[in-house]
Amino acid sequence: MSTHDDGPENRGDQDARFVEELRRALTRALAAETLAAESPTEDVLDLAVRTAARAIPSPEGALLLVDPAAGELTFEIAIGATAEKVKDIRLPMGRGIAGLVAMSGQPLAVADAQADPRHARDVAEQVGYLPNTILAVPVISAVDPDRVLGVVELLDRQGQPTYSLADMELLGIFARQIASILDHRRATHSLAMLVGEALGGLAGLAPDARRVLTDRMNQLASGLVDDPLTRRTLTLARLVEEIARYGEAEQQACTAVLESFAAYLRERPRPGGLHLAGRR
Amino acid sequence: MSDTNALRPAWSAAFAADALASLRPVPLLDDLTQDWAWGGSTGRGVKVAIIDSGIDADHPAVGVVQGYVAIREERGKLVYDEKPHRDAYGHGNACAGIIRALAPECEIYSVKVLGDDLTGRGIIFATGIQWALENGMDVCNLSLGSTKAEFFGVLHELADLAYFRHIPLVVAANNLPKPSYPSTYAAVVSVAAHEVPEPERFYYNPAPPVEFGARGIDVPVAWMDGGTITATGNSFATPHVTGFIARLLAKHPGLTVFQVKTVLRALAANVDRERRATEAH
């Protein structure tokens, strides 16, 4: 038997090899993505918070990101003495100064926070740190101005008793820079996710369907992320991938169903399209 | 022509001889005093809508809350919940406490538009203003706004409607250098913070969009769980002006929005009463 034989007895092996190659390509792509984009993004965010804390003298600072699905704020960047302690804390959106700022999209400065620790209870209790003064400014997406991406917060103003309006304006400028970094990161991340899902969906597909998907992915690479057909194809790919995870019998059943449906479609006259009048 | 009325555009009808309203004389602006405007007034009976994060009626700085509506979206529909609610953040309490201190006998209505989820804020905010306009409120405090262009038109229409119904919308200017609606509209009373720690002191800005300045830096305000904090922001300047207007309307019911603005302009602390400056606005 020739190695170029495309007989059905070898298809399983070829599929496995194809999927393996794709998986490796994906791993490489994601690794490259991670190296090329993710780490510097974090560095730039860290730098932005540090620079803000230096410009508006403050020993502690943080960037919290909104997790809309969980209704929580998470610490993306934290600098100062409490940095390590707050990293894993998740704050409910419903309470606290950062939650209010995230919700209202308006900055807020608080003095005498120590006199009434209620607002900072969630963090303060876990970290054991009570700030005297707080300045929190929303990070609003430049792409979607109704979307608050997070909150940048400074604690314990040095050199003056409280945070001033000028401090608020200055931190607002840092917040805009942070927003543009986050907007860019989100766009890159969603593209990587889509490609990843498409590749995952290839496993267990018939060659014809695979070719269709490969073509679709080429379009994706050309930047057609918002194409509705692309999205529907990805949905289909996700479903197939889900079914494939159940096992070989399920994969075979799924393939059989899809193949018969595709065969039926090939035979069916296309609605609205040209078909031969004399067709038998 | 025999019938001029028939040719007159509909909006001229108010100025037809038989329909023309008789107006009270406007006193000379120099003669306007705080005593005339709100001397002895406690804001009694004036309905103040606080469109915000809710209000805790049991907060000692807030006192009685006469009415509630919490607006939220459930399965694509707007729900108006008129049961008593609480303040989700403390921000509504802060506004209510400032207004209560300046106009102790006004009637406070909590219109809760800031809830616990992040979706649909613009439309819920607009609906909150609409509720206030349709439910007999005399003045509305809006220590919040929307920066989304999508809501520019809707909020503009509501601001104009409020103006024509003689219901001042007292709106905080954005604390960030970006226009926030409806604070930028001429029909509203827009407010930003000044730095003087005096609650009764307010300024007029002859170069709007922000027309008035009131105390907004390090203001002691009511917050959550019956507590207080010291906070900074235009959000806290706004309820000061709402409080002045509540006192004014209690003493002079039925003033239009432009009259209210005129009185505030006349009484502003930066009016050059001695005529010392070479250029005054």
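Residues numbered from 1 in each chain as written. Chains lettered and ligands numbered in written order. Predicted model: local features only at pLDDT ≥ 70, side-chain atom pairs only at ≥ 80, totals over all residues.

1. Describing the overall build of chain B
Secondary structure summary: chain B contains 7 helices and 11 strands in total. The C-alpha atoms of chain B give a radius of gyration of 20 Å, which matches the 19 Å a tight globule of 281 residues would have. Overall size of chain B, expressed as C-alpha extent along the three principal axes, is 65 × 50 × 35 Å. Counting all 281 residues of chain B, 48% fall into the buried class. Once local pairs closer than 6 in sequence are excluded, the contacts in chain B between residues at least 24 apart make up 71%. (Helix = DSSP H or I, 4+ residues; strand = E, 2+ residues; numbered from the N terminus. Rg over C-alpha atoms; globule rule 2.2 N^0.38 Å. Buried ≥ 20, exposed ≤ 12 C-beta atoms within 10 Å, placed from the backbone. Contact = placed C-beta atoms within 7 Å.)

2. Things to note about the overall build of chain A
Scanning chain A from N- to C-terminus turns up 8 helices and 6 strands. Beginning at the N terminus, the succession of helices and strands in chain A can be written as α-β-β-α-β-α-β-α-β-β-α-α-α-α. Long-range pairs, those at least 24 residues apart, make up 59% of the contacts in chain A with a sequence separation of at least 6.

3. What to know about helix H6 (residues 234-251) of chain B
An ideal rise of 1.5 Å per residue puts 26 Å on 18 residues; H6 of chain B measures up with 27 Å between its terminal C-alpha atoms. Where burial is concerned, most of H6 of chain B is hidden: 17 out of the 18 residues are buried. (Expected span 1.5 Å × (residues − 1).)

4. Some words on the sheet that holds strand S11 (residues 228-232) of chain B
Strand order in the open sheet made by the 8 strands is S3(A)-S2(A)-S1(A)-S6(A)-S5(A)-S4(A)-S11(B)-S10(B), with antiparallel pairing throughout. Whereas interior strands pair on both sides, the edge strands pair on one side only; in this sheet they are strand S3 (90-92) of chain A together with strand S10 (219-222) of chain B. Here the strands of the sheet are splayed against their neighbours by 30° on average, with no regard to which way each runs. In this sheet, strand S5 (residues 134-140) of chain A lies alongside strand S4 (residues 108-111) of chain A in antiparallel orientation, the contact comprising 3 bridges. For leucine 108 of chain A, the partnering residue across the bridge sits in S5 of chain A and is alanine 136 of chain A. (Pairing = 2+ DSSP bridges. Axes fitted to C-alpha atoms, helices over the stretch in contact; angles between N-to-C directions.)

5. Observations regarding the interface of chain A and chain B
Listed per partner, the contact involves 29 residues of chain A and 30 residues of chain B. Breaking the side of chain A that touches chain B down by element, the ones donating at least two residues are helix H3 (96-104), S4 and helix H5 (165-202) of chain A. For the side of chain A that touches chain B, a count of residues per class yields 15 nonpolar, 9 polar and 5 charged. (Nonpolar A, V, L, I, M, F, W, Y, C, P; charged D, E, K, R; others polar.)

6. A short note on the environment of isoleucine 97 of chain A
Take isoleucine 97 of chain A: it is sitting in helix H3. As a C-alpha pair, isoleucine 97 of chain A and alanine 109 of chain A span 12 residues in sequence and 8.9 Å in three-dimensional space.

7. Let's talk about unusual backbone geometry
Residues and elements named next belong to chain B. Of the consecutive residues tyrosine 181 and proline 182, the connecting peptide bond is found in the cis state with omega at 5°. For proline 182, the position within the fold is in the loop between strand S6 (169-172) and strand S7 (189-194). Even without being a glycine, aspartate 218 presents a positive backbone phi close to 50°. Position of aspartate 218 among the secondary structure elements: in the loop between strand S9 (212-215) and S10.

8. As for the packing of helix H3 (residues 91-102) of chain B against H6 of chain B
Residues and elements named next belong to chain B. Contact geometry for H3 and H6: axes closest at 8 Å, N-to-C directions at 35°. Here H3 runs over H6; the crossing is right-handed. Packed against H3, whose contacting residues are His91, Ala94, Cys95, Ile98, Ile99 and Leu102, the element H6 presents Ser235, Phe236, Pro239, His240, Thr242, Gly243, Phe244, Ala246 and Arg247 at the interface. Split into classes, the residues belonging to the contact of H3 with H6 amount to 9 nonpolar, 5 polar and 1 charged. (Left-handed = near helix turned anticlockwise from the far one by under 90°.)

9. Quick word on the packing of helix H4 (residues 121-134) of chain B against helix H5 (residues 152-164) of chain B
Residue and element names in this part refer to chain B. Taken N-terminus to C-terminus, the directions of H4 and H5 make an angle of 15°; their axes are 10 Å apart at the nearest point. Accordingly, the angle class assigned to the pair H4 and H5 is roughly parallel. Here H4 runs over H5; the crossing is left-handed. Contact residues: H4 offers Ala126, Ile129, Gln130 and Leu133, while H5 offers Val154, Leu155, Leu158, Leu161 and Ala162. For the contact of H4 with H5, the residue count by class is 8 nonpolar, 1 polar and no charged. (Parallel < 35°, antiparallel > 145°, perpendicular 65-115°, else oblique.)

10. Concerning the nonpolar core
By size, the foremost hydrophobic cluster in this structure holds 128 residues, and its most contacted members are Val152 of chain A together with Cys140, Leu169 and Val191 of chain B. No other element matches H6 of chain B, which puts 9 residues into this core. Dropping the residues within four chain positions of it, valine 152 of chain A is found in contact with Val49, Ala52, Leu63, Val137, Val139, Leu171, Phe174, Ala175 and Ile178 of chain A. (Core = buried A, V, L, I, M, F, W, Y, C linked by C-beta atoms within 7 Å.)

11. What about the confidence of the model for chain A?
All names here are of chain A. Averaged over all residues, the pLDDT of chain A is 75; the fraction at 70 or higher stands at 62%. In this model residues 1-7 is a low-confidence stretch, pLDDT under 50, and it forms 1 contact with partners more than four residues away in sequence or in other chains. A low-confidence stretch, residues 272-280 (pLDDT under 50), is modelled with 2 contacts involving residues beyond four sequence positions or located in other chains. (pLDDT = per-residue confidence, 0-100.)

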